[in-house]
Amino acid sequence: ETGVTQSPTHLIKTRGQQVTLRCSSQSGHNTVSWYQQALGQGPQFIFQYYREEENGRGNFPPRFSGLQFPNYSSELNVNALELDDSALYLCASSLEGGLGGYTFGSGTRLTVV
Amino acid sequence: AQKVTQAQTEISVVEKEDVTLDCVYETRDTTYYLFWYKQPPSGELVFLIRRNSFDEQNEISGRYSWNFQKSTSSFNFTITASQVVDSAVYFCALSGFYGGSQGNLIFGKGTKLSVKP
């Protein structure tokens, strides 16, 4: 049983650019959530995807968007990057409705300069 | 509104000491879940425990134990005989339960535990 894998592990972008982060769900999981973790803080919920549709969103602006594919993998896209977007981005997968709990990946460390 | 407070920012102990990490939560939901996760330097959040709001029994798993008290809205985590490998950031989290589905996780700010040899 494979876990959640995220790519890339580290990324440096310039303010104003766009970035795409990728996540492969754990085998058998059909729900994906994304979290942003700023340095020294707890993770903050960005949004969740189930059956290729967003079904929950935290307090993040529209320039944070996502996709879920038929194989349940997912992308997080951030447009017009700001310095405050520098953070660890964590992907978590689960069964429908969060049943069985969430399995997290190791995250992508994004630095915006 | 839902909220999780971990008042201890950093704790440092010497190996073999017992240590308790505090967690206080706020929610108006009657059905909810509480979690503890461990985050080593690699960044991955490692699941430790999930407890639903109707189960106040304390739980022990090896050197780990959890004390859930609804009367004080607390869900504390104790490590007995700590080891250097326990050094990590520990997060307490809360989620609701709506329409048969578990909601997203709301995390505290975490407690950084350093266990020195």
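This text goes with the structure placed above it.
Residues numbered from 1 in each chain as written. Chains lettered and ligands numbered in written order. Predicted model: local features only at pLDDT ≥ 70, side-chain atom pairs only at ≥ 80, totals over all residues. Heavy atoms only, no water.

Colleague: What should I look at first to understand the overall build of chain A in this one?
Modeller: Within chain A, the regular secondary structure consists of 0 helices and 11 strands. Helices and strands in chain A line up, N terminus first, as β-β-β-β-β-β-β-β-β-β-β. Considering chain A as a whole, with its 113 residues, one finds that 50% of them fall into the buried category. Long-range contacts, defined as pairs at least 24 residues apart, comprise 53% of the intrachain contacts of chain A with a sequence gap of at least 6. Of the accessible surface of chain A, which amounts to about 5300 Å², a share of 48% is contributed by carbon and sulfur atoms. Across chain A, the 7 positively charged side chains and the 9 negatively charged ones have centroids separated by 8 Å. (Helix = DSSP H or I, 4+ residues; strand = E, 2+ residues; numbered from the N terminus. Buried < 20%, exposed > 50% of the residue type's maximum accessible area, 1.4 Å probe, protein only. Contact = heavy atoms within 4.5 Å. Areas by Shrake-Rupley, 256 points an atom, 1.4 Å probe, with all protein chains shown as cover. Lys, Arg positive; Asp, Glu negative; His and termini not counted. Charge placed at Lys NZ, Arg CZ, Asp CG, Glu CD.)

Colleague: It is not clear to me how the environment of Phe68(B) should be interpreted in this structure. Could you clarify?
Modeller: Residues and elements named next belong to chain B. Of note, phenylalanine 68 is situated in strand 8 (residues 64–69). The exposure class of phenylalanine 68 is buried, given its relative accessible area of 2%. Those residues within four positions of phenylalanine 68 in sequence are excluded, and the remaining contacts are Tyr25, Tyr32, Leu34, Arg51, Asn52, Ser53, Asp55, Glu56, Asn58, Ser74 and Phe75.

Geometry only, nothing functional implied.
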